[in-house]
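Breakdown of the fold
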Amino acid sequence: MRRRRMMGGLTAALATAGLATALGGTGCSVLPSQPYLQRRDWPMVVRRPAILPSRPGGRVLLVRTVEAGPGLERRGLQTLEPDGSLKIAFYEQWAVPPAEGIDDNLRQWIADSGLYAAVLSPGSQVTADLALEAELLALQADLGNGTARAAWSLVLIDLRPSPARIRLERTEAATVKLEGTELPALVRAQLAAVAEVLRQTEADLANAART
């Protein structure tokens with residue numbers, strides 16, 4: 001039995017030595033050859049430059065949850081390459097899903113515009129006069145055209161008549177020129193495009209309120 005233990009230990013030692021020699025001889029390593037890449041989150045925060053007071057006695061608007069269009073469920077930054085292919089980054093992403101970020105920005109922007117007495121979120125117990133529905137259609141940097149683009153569709157519904165009726169239905173879109181191809185420049189341009197679409201949305205809501 002002692003001889004078997006000695007032979008077993010010798011076999012294990014030879015196997016270990018052989019593995020070390022093989023790895024050393026070929027220049028291989030058990031350590032990863034690629035550097036560790038940490039994911040980076042980019043905040044999606046766009047706010048109205050000036051905050052106006054709410055309109056006393058005005059209408060109450062319910063902003064329903066913004067839906068994500070096809071392919072916009074992912075958080076990765078999207079770039080349209082010059083060859084027409086769409087690239088979705090894995091390590092560079094928005095801090096929240098794009099539709100969720102637009103949802104927060106849209107609701108806060110409209111609240112800061114002073115167009116309504118109150119702007120509600122889904123689940124509020126307050127009765128709303130109007131409801132706004134939106135779907136994010138595009139948020140990407142187009143490297144071929146050197147622009148960033150944001151777009152969403154929206155529907156404004158008047159809840160007071162019975163049945164309810166649509167007051168406004170359209171697609172808002174904006175493009176902003178890229179200042180460079182580095183990631184910070186791509187993010188800045190996309191946020192600027194979002195801000196422009198928010199301005200368009202506010203203007204259309206203001207026009208709808210006059211009719």
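Let us look at the structure shown here. (Residues numbered from 1 in each chain as written. Predicted model: local features only at pLDDT ≥ 70, side-chain atom pairs only at ≥ 80, totals over all residues. Heavy atoms only, no water.)

It is worth spelling out the pairing of strand β8 (residues 147–158) at this point. Counted residue by residue, β8 has nine buried out of 12 residues, so it is predominantly covered. Pairing analysis gives 12 bridges linking strand β7 (residues 130–142) to β8, with the strands arranged antiparallel. By the bridge assignment, A134 is partnered in β8 with L154. Hairpin remark: β7 followed by β8, antiparallel, with four residues in the connecting loop; positive phi at G146, about 70 degrees. Direction of pairing for β8 relative to strand β9 (residues 165–177): antiparallel, over a ladder of 12 bridges. Across the sheet, the residue bridging to S153 is T171, located in β9. Counting the residues between successive antiparallel strands, the hairpin from β8 to β9 contains six residues. (Buried < 20%, exposed > 50% of the residue type's maximum accessible area, 1.4 Å probe, protein only. Helix = DSSP H or I, 4+ residues; strand = E, 2+ residues; numbered from the N terminus. Pairing = 2+ DSSP bridges.)

Let us now look at the packing of aromatic side chains. Across all of its chains, the model carries one aromatic pair by this definition. Relative to Y91, the ring of F90 has its centre 5.0 Å away and its plane inclined at 85 degrees; by these criteria the two rings are edge-to-face. When the ring centre of F90 is taken as reference, the NZ or CZ atom of R39 above it lies at 3.9 Å. (Phe/Tyr/Trp six-rings, centres within 6.5 Å; stacked < 30°, edge-to-face > 60°. Lys NZ or Arg CZ within 6 Å of the ring centre and 35° of its normal.)

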